[in-house]
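Examination of the molecular architecture
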Amino acid sequence: MKPVSGSPQDKHDDVDLSRRHALQAGGLTIAFLWLGGTGVASAMMNARRQPGDAAASLADGNPPFAPNAFIRIDTSGAVRLVMPSAEMGQGIYTGCSMLLAEELGVGLDQITVEHSPPSDELYGIPALGGQMTGGSTSTRATWPVLREAGAVARTMLVSAAATNWHVDPSTCTVDRGVIHHTPSGRSLGFGEVATAAAKLPMPDKVQLTDPKDFKLIGKPMRRVDSSDKIKGATQFGLDVRIPGMKVATVMACPTFNGKLAAVDDIAARAIPGVVDVLRLDNAVAVVGDHFWAAKQGLQALHISWDHGENANLTTQQLRDALAESARHGKSIVARNDGAQPQGTTIQSEYQSPMLAHATMEPMNATVLVTADKCEVWTGTQVPARAAGEAARITGLTQDKITLHNQYLGGGFGRRLETDWVEQAVAFAKQVSYPLKVVWTREEDIRHDRVRPMYHDVISAVLDANGRPVWYGYRTSGGSVLARFAPPAMGKDGMDSDAVECVADVPYDIPNAKVEWIRHDMPPGLVVGWWRGVGPTHNLFVVESFMDELAHHAGKDPLEYRRALLQKSPRALAVLNLAAEKIGWGGQPLPARIGRGIALGEPFGSHVCAIVEAEVTPQGEVRLRRVVVALDCGIAVNISSIEAQVQGGVLFGLSAAMFNGITIKDGAIEQSNFNDYRNLRINEAPMVEVHRVINAEPPGGLGEVGTAIAAPALANAIFAATGVRLYKLPVDRDLLVQNADALKSVASAAAHTGRNVT
Amino acid sequence: MTRFLIVVVLVLLLGVGAYFYLNRTDSAEGSAPPIAGAPPSAEVLARGEYLAKAADCIACHTVPGSGNAFAGGVAFRLPFGTLYSSNITADEASGIGSWSDDDFVRAVREGVRKDGEHLYPAFPYTSYTQMSRSDVLAIKAYLFSLPKISQADKANDLSFPYNQRWAMGFWNAAFFKSQRFAPDPSQSPQWNSGKYLAIALGHCAECHTPRNAGFGLEHGNELAGEKLQGWRAYNITSDPQHGIGAWSNSDIASYLTAGHADGKGSAAGPMAEVVENSLRFLNPADTAALVTYLRTVPAREGKDPITIDAATAPAIASNNAGPGGGTANTDNSGIKLFEGACASCHQWNGQGQQTPYASLLGTRGVNDVRGTNVTQVLLHGSDMRFAGPNIFMPTFGDAYSNTEIAALSNYVISHFGNKQGTVTADDVARRRKGL
Amino acid sequence: MLSLSVNGQSYPVDVPDDMPLLWVLRDVIGLTGTKFGCGIAQCGACTVHLDGQPVRSCVLPVGSIGNKAITTIEAVGNTPSGQKIQQAWLDVDVVQCGYCQSGQIMSAAALLQRTPNPSDADIDAAMSGNICRCGTYVRIRAAIKQAATGKLEILQTIVSAPEGARS
Ligand code: FES
Ligand code: FES
């Protein structure tokens, strides 16, 4: 997901209100603080703000020292850190903990981390307009706030100790949760001064640690959530068990916007362990003592669907309409530097498919609805939104909703949605017991909110040397943002995500015209954020096209790009670093092995990937090696950076190699990992990650690798075969060397491609 | 000149005479040997239901999952086009509600429908012709007792000259003989019952007997195996090496009723449907009769005979979780696919983790160097929902290329059959089309 | 009533014979470390050991288990290979979302148990049935090697092994 632009300023930045102050201030002030609700106008995270009500304080154990929404310290010295973002694998709990712990003065082994409760107010990301984890924004957004939050807490604890000792706070030092006064040899633990510190006023200004003194930031740190995860002890949403709970599994109408017509549940109810059969207007759930009974029950239902207006919809219809709109539709102009100049013009059209998220943990939520409250346990990237939906569906007020966020078994943007939570609440409302709704993998894929499909027309006018002097871009697709955050839509209804990484390119091309044609999908086919969204397809198109231009100019793709990057030093640096590390231009490669470059600046980082691939005579693609060079500014946890880039690249390659959601009879055709394929370890190349080290502000990471993977692969395939791929996923039929190859017994061993170091 | 004309007329007359002679109808009502599941004492509807199952009417006349039992519309892809089965519910307008007993009997036993047009022998009147009138009418009574479904028949999509129904008269003259079942008094009653179940009702020959160039059954090669719709129907003669001669009675019975015989194989594709829709409903005495008959089918080698290696070195050297030494020189991409998508269930030693149905050792599929059925199962998966737990294999045809399916097939053949498979990407492409 | 031996403890369970072990573990016994990812033996998230051998519990009918010993992620650390694997997983910092990792660790532990010094091909054969959507494969490979050899696997950008907190 990309950041939502244009969010209003945090109006309450200067409201300096500790929780206890807030409690004392009472009524109006509290109401004022909460007034924003889930809306965009609410306050966002702040280093000095606390939950404004007594209930919240009680709920988190009434810690003696809680100077802000992130830090809780007990009299025993136990330190709990509350995580503003959701942990879905990206390592943000570790990154946030490092920021807080660095400034607070504790070790990562001394802390425990907690999920945050739903609150835009306390945990809202300014750039996203709310409490959300997405858009590769977490580190970028929390970096200043959490360091300051840690420093605020440390300052207060030190003051308390200094006051106790009657010494100047500046003569005290902090190390691993203990305050020392070296001159007098005295020391006090955080726990011992927690109560006193809580009574002190909030400091206006705090001193942040000088980066050269960082003990944690910039080091490769082990993740704080690993030790439980390797033991199976981490609780994901799917692992929630509430006393008296029953388990349901669901089937919603496979056709977009279809409805439930009738269900015959006699056979299902006869299955031992089946407890209930519940209906919504478009779905049916079977409730069992356990998932298996529920699933058996679901299989035994005889369901009639009313397939509705999309009953005959196919991917091809959507494709054709999209192509038509890309070529001739009325556009919203993102950038126009004047008339297209005369000269040699090159034009290409590219297509990108719909994509499913297929998070490893299928969608699920556990919900208990009673007359006066609703409790929800689920893993979500948008806790406050999810709680808001639960309120809407139950008709209860927001304060009657408790949402317990969980560790997420993958997010990738899927859990920025709330559809499964809404559905689970609607089912749970019909029963008196806690209801855990678990989607099968089939349901998870068939009812995903897919990455939109795109059709892009790109063109360039070249000078005599084959250098572009102008480029034109018309991209057509549905808008995720328009549904997700309408107020964040730009001028003329522009969706900034649609043109990210193409409205501005690192290359020195004087003029451009960049247009977006909004082409909404039929009702019911809801498109959603997907790791990398807009940049995933824009970079595929732009970087494939740059290769086309290089080829047209008869230049090496590396040299061609270099020549255009003289004004973009950070982009040039990653390009050069990647080229050097892979040994570009060294020994010539064997036949049908090629290397492809892709360069981009997605999510505030600068990245270059080079993929080395082999294409067999039958058209099969083997990934041999990937080298990535990255400039993401200041690094918080370099171990996480490497992991995120490796994982992101493999996620992107998996999609580019295999994935496309297709529609037949108004329903998604794919259903599980047998037909929505995922790269496996024996198909995965080594991914080397190299960093350009500098002190620029941190860039995003979670989606960078994903966005840069596909074009590097497509360019590698071109280098290996001379075949330009204009659509994804890779169509292996296009890569067959000659018809004879398909007549040969399929057993010739390819070069074993893996490069393990 | 005149003489020449006379010769021509004579030849024509002889031809016409031969045509009608060869197309003559056996007017005998016919009698069936005792069928344990449908004794004469039983209600006609109960008999009809049992016989309809034994004759597997539903498989061809019901689109799977449609819930429209016997309303037709199932596609049959043949080398010369696509046929669709017809609606045989009692609906007057779109089904056979207006058919008399004689109309129905003629259609089932002679392949001629009510309006006098010929049916295509995709409908096995060539076998059903052996049935007794009383059995045919019991089936009619059963069909007419079921809900009428209004569903118009789909037009066939056949190329010329195959779309000329009248031409089937010539085909019948050449390859079809109207003829009732004749018991063999020298054999036991059980054997005779088994034969009637096999050749009249079960119409085993329609799939398992090789066909000649004219698409007629090679009766001299009874049940020696054939390929159809992209699948291979195996040799089920008593040949111990290439047929089922080495199977025990209980192996055969288990295969027929549960779709699986340990160490021999599991049914998939069309055969799994036969088990699911038909054979598993047979009364044990009838199953035993069928086994008795099958054991006596003369041994034949058949086309492309399969020799089974039930203890292949590569598989034996493996354990359940890892390959043994024999895999080093096998195809690189096939093994990669197997270790990713297949080994979890089938296991490297071919034992099958979760169910004996997933065991591969000793099966004909993995010993067939052409890999016909291995390819088909990979493309289309398998889904049998009757023998206790669901027997399920996902389809891999959608996300895996022809080359990958071919490489995987060849790997499976080498690892579990110890043979060099010959599957090419082109073969897989053809099999995807059901050819 | 079946009796299952799970992690050295015996559990009487009253469930149908054809119920997959996965749901017995998760929903009946309450051991939720074993995960559900696909239900069709394609992802490996549900891997447990049966007498030390890795199996996909999502397709394993409990009725077929008999008195074989079941080991899950919760107890694999009590075996020497499981312990080595878990330690290497920490050292190499393999985990991302972690959802697939129970299965990955169970597969890896079984591999190490039967092949103490696995080659790349051995790792492929044992681990390719385990999907990781987060893409942790590079580190999984490194961690298995580290567990096997005891030699530090140097990560690409990280010149030293990841630091844990001091202790
Ligand atoms: S859940 Fe068992 S293999 Fe995926
Ligand atoms: S760590 Fe997330 S799926 Fe593997």
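What you see is a predicted model, and the numbers here were worked out from it, not measured in a lab.

Thresholds applied
Residues numbered from 1 in each chain as written. Chains lettered and ligands numbered in written order. Predicted model: local features only at pLDDT ≥ 70, side-chain atom pairs only at ≥ 80, totals over all residues. Heavy atoms only, no water. Domains from an automatic or database assignment. Salt bridge = Lys/Arg side-chain N within 4 Å of Asp/Glu carboxyl O. Polar contact = N/O pair within 3.5 Å; in protein donor to acceptor, adjacent residues only side chain to side chain. Helix = DSSP H or I, 4+ residues; strand = E, 2+ residues; numbered from the N terminus. Nonpolar A, V, L, I, M, F, W, Y, C, P; charged D, E, K, R; others polar. Buried < 20%, exposed > 50% of the residue type's maximum accessible area, 1.4 Å probe, protein only. Contact = heavy atoms within 4.5 Å. Buried area = accessible area lost by both parts, 1.4 Å probe. UniProt positions renumbered as here; feature names shortened; annotations may be inferred. Pairing = 2+ DSSP bridges. Axes fitted to C-alpha atoms, helices over the stretch in contact; angles between N-to-C directions. Parallel < 35°, antiparallel > 145°, perpendicular 65-115°, else oblique. Left-handed = near helix turned anticlockwise from the far one by under 90°. Patch = residues over 30% accessible without salt bridge, like charges linked within 9 Å, V, L, I, M, F, W, Y side chains within 5 Å. Areas by Shrake-Rupley, 256 points an atom, 1.4 Å probe, with all protein chains shown as cover. Phe/Tyr/Trp six-rings, centres within 6.5 Å; stacked < 30°, edge-to-face > 60°. Core = buried A, V, L, I, M, F, W, Y, C linked by side-chain atoms within 4.5 Å.

This paragraph deals with the domain arrangement of chain A. All names here are of chain A. For chain A, the assigned domains read domain 1 (8-221), domain 2 (237-309 + 363-438) and domain 3 (454-756). Linking domain 1 with domain 3 are 0 salt bridges. Across the domain 1-domain 3 interface, the total number found is 3 residue pairs in polar contact (both at pLDDT 80 or more). At the level of secondary structure, the elements contributing two or more residues to the side of domain 1 that touches domain 3 comprise helix 4 (92-104) and helix 6 (138-165). For the side of domain 1 that touches domain 3, the element with the most residues is helix 4, which contributes 4 residues. Across the side of domain 1 that touches domain 3, the residue classes tally to 9 nonpolar, 9 polar and 2 charged.

The next thing to look at is the pattern of salt bridges. Counting across every chain of the model gives 69 salt bridges over all chains. One salt bridge connects Arg180(B) with Glu110(B), and the closest N-O pair in it is separated by 3.6 Å. Of this pair, Arg180(B) sits in the loop between helix 7 (168-175) and helix 8 (189-201) while Glu110(B) sits in helix 4 (residues 101-110), placing them 70 residues apart in sequence. Of the residues examined, Arg180(B) reaches a relative accessible area of 6% and is grouped as buried. One continuous salt-bridge network, built from bridges that share partners, spans Arg414(A), Glu417(A), Asp419(A), Asp448(A), Arg449(A) and Arg483(A).

This part takes up the domain arrangement of chain C. When the parts of a complex come together, some accessible area is lost, and that lost area is often taken as the interface size. Residues and elements named next belong to chain C. As far as domains go, chain C holds domain 1 (2-71) and domain 2 (76-149). Opposite the 14 residues of domain 1 that make contact, domain 2 presents 12 residues. Taken together, both faces of the contact between domain 1 and domain 2 bury some 1100 Å²; the carbon and sulfur share is 55%. Counting every contact that joins domain 1 to domain 2 gives 0 salt bridges. In this structure, the connection of domain 1 to domain 2 is made through 6 residue pairs in polar contact (both at pLDDT 80 or more). For the side of domain 1 that touches domain 2, the secondary-structure elements that each account for two or more residues are strand 3 (47-50) and strand 4 (53-56). For the side of domain 1 that touches domain 2, the element with the most residues is strand 3, which contributes 3 residues.

Further remarks concern the UniProt feature "domain: Aldehyde oxidase/xanthine dehydrogenase a/b hammerhead" (unreviewed entry) in chain A. The positions that UniProt labels "domain: Aldehyde oxidase/xanthine dehydrogenase a/b hammerhead" (unreviewed entry) are, in the present scheme, residues 231-309 of chain A. For residues 231-309 of chain A, helix accounts for 18% and strand for 38%, while the C-alpha atoms at its two ends are 48 Å apart.

Turning our eyes to something else, we now look at the pairing of strand 4 (residues 172-175) of chain A. All names here are of chain A. A one-sided burial pattern is seen for strand 4, the buried positions being Cys172 and Val174 and the unburied ones Thr173 and Asp175. Two strands pair when backbone bridges link them, and strand 4 and strand 5 (residues 178-181) are joined in this way by 4 bridges, in the antiparallel orientation. When the sheet's bridge partners are listed, aspartate 175 is paired in strand 5 with valine 178. Turn length for the strand 4-strand 5 hairpin, with the two strands adjacent in sequence and antiparallel, is 2 residues, and the turn residue arginine 176 shows positive phi of about 50°.

Time to look at the packing of helix 10 (residues 249-258) of chain B against helix 12 (residues 284-295) of chain B. All names here are of chain B. The geometry of helix 10 relative to helix 12 is characterised by a closest axis approach of 10 Å and an angle of 120° between their N-to-C directions. Here helix 10 lies oblique to helix 12, going by the angle between them. Two packed elements cross with a definite hand, and for helix 10 against helix 12 that hand is right-handed. On helix 12, the residues touching Asn249, Ile252, Ala253, Leu256 and Thr257 of helix 10 are Thr287, Leu290, Val291, Leu294 and Arg295. Its residues assigned to classes, the contact of helix 10 with helix 12 comprises 6 nonpolar, 3 polar and 1 charged.

Facing 63 residues of chain C, the contacting portion of chain A comprises 76 residues. Carbon and sulfur atoms make up 57% of the surface buried where chain C meets chain A, a total of about 5900 Å² over both sides. Asp91(C) is the partner of Arg222(A) in a salt bridge, and the nearest nitrogen-oxygen pair spans 3.0 Å. Those elements giving two or more residues to the side of chain C that touches chain A turn out to be helix 1 (21-29), helix 2 (80-92), helix 3 (101-114), helix 4 (120-127) and helix 5 (137-149) of chain C. With 6 residues, helix 5 of chain C is the single largest residue contributor to the side of chain C that touches chain A. Class assignment for the residues of the side of chain C that touches chain A results in 29 nonpolar, 18 polar and 16 charged.

Glancing now at a nonpolar patch on the surface. A cluster of nonpolar residues, Ile6(B), Val9(B), Leu10(B) and Leu13(B), forms a patch on the protein surface that exposes about 380 Å² of accessible area. Tracing the backbone through its elements, the reader meets Val9(B) in helix 1 (residues 2-22).

Another point: the interface of chain C and chain B. On the side of chain B, 18 residues touch chain C, which itself brings 16 residues to the contact. Both faces combined, the contact of chain C with chain B buries some 1400 Å², and carbon together with sulfur accounts for 54% of it. Seen at the junction of chain C and chain B, the total is 0 salt bridges. Where chain C meets chain B, there are 5 residue pairs in polar contact (both at pLDDT 80 or more). Where the side of chain C that touches chain B is concerned, the elements lending two or more residues are strand 4 and helix 4 of chain C. When residues of the side of chain C that touches chain B are assigned to their parent elements, the largest contribution, 4 residues, is made by strand 4 of chain C.

With an omega dihedral of -5°, the bond running from Leu728(A) to Pro729(A) counts as a cis peptide bond. Along the chain, Pro729(A) turns up in the loop between helix 20 (704-721) and helix 21 (739-743). A cis amide bond, omega 5°, links Phe160(B) with the succeeding residue Pro161(B). Within the fold, Pro161(B) resides in the loop between strand 3 (157-158) and helix 7. A positive phi angle is found at Phe70(B), which is not glycine, with a value near 65°. Along the chain, Phe70(B) falls in the loop between helix 3 (57-61) and strand 1 (75-78). Take Phe70(B): its relative accessible area is 5%, and that puts it in the buried class. The backbone of Asn418(B) sits at a positive phi, close to 55°, despite the residue not being glycine. Here Asn418(B) is to be found in the loop between helix 17 (402-417) and helix 18 (425-432).

It is worth spelling out the sheet that holds strand 2 (residues 81-84) of chain B at this point. Residues and elements named next belong to chain B. Spatial strand order, 1-2-3: 3 strands in an open sheet with antiparallel pairing. Among the strands making up the open sheet, the edge pair consists of strand 1 and strand 3. Pairing between strand 2 and strand 3: 2 bridges, direction antiparallel. Looking at the pairing, threonine 82 lines up with aspartate 157 of strand 3.

A few words on the packing of aromatic side chains. All names here are of chain B. Taken as a whole and judged by the stated rule, the model has 26 aromatic pairs over all chains. Note on tryptophan 166 and phenylalanine 170: the rings are 6.3 Å apart at their centroids and 80° apart in plane angle, and the pair reads as edge-to-face. Each ring, one from tryptophan 191 and one from tyrosine 293, has its centre 5.4 Å from the other, and the planes form 65°; the classification is edge-to-face. With tryptophan 191 in helix 8 and tyrosine 293 in helix 12, this residue pair connects regions lying 102 residues apart in the sequence. Of the two residues examined, tryptophan 191 and tyrosine 293, each falls in the buried class.

Here we come to the nonpolar core. Ile179(A), Val621(A), Leu713(A), Leu4(C) and Trp89(C) are the most contacted members of the largest nonpolar core, which totals 258 residues. Looking at this core element by element, the count peaks at 14 residues for helix 6 of chain A. One finds Leu201(B), Leu217(B), Ile236(B) and Ala272(B) within the second-largest nonpolar core, a separate group that totals 58 residues.

To continue, consider the sheet that holds strand 26 (residues 686-691) of chain A. All names here are of chain A. Strands sit in the order 21-22-23-26 across an open sheet of 4 strands; the sheet is mixed. Each end of this open sheet is capped by a strand with a single partner; those strands are strand 21 (593-600) and strand 26. The mean inter-strand angle of the sheet, taken between neighbouring strand axes irrespective of direction, is 15°. Relative to strand 23 (residues 621-631), strand 22 (residues 606-615) runs antiparallel, the two being bridged by 10 bridges. Directly across from valine 611, in strand 23, lies its bridge partner valine 626. Sheet contacts for helix 19 (residues 638-658): strand 22, strand 23 and strand 26; angle to strand 23, the most-contacted strand, approximately 140°.

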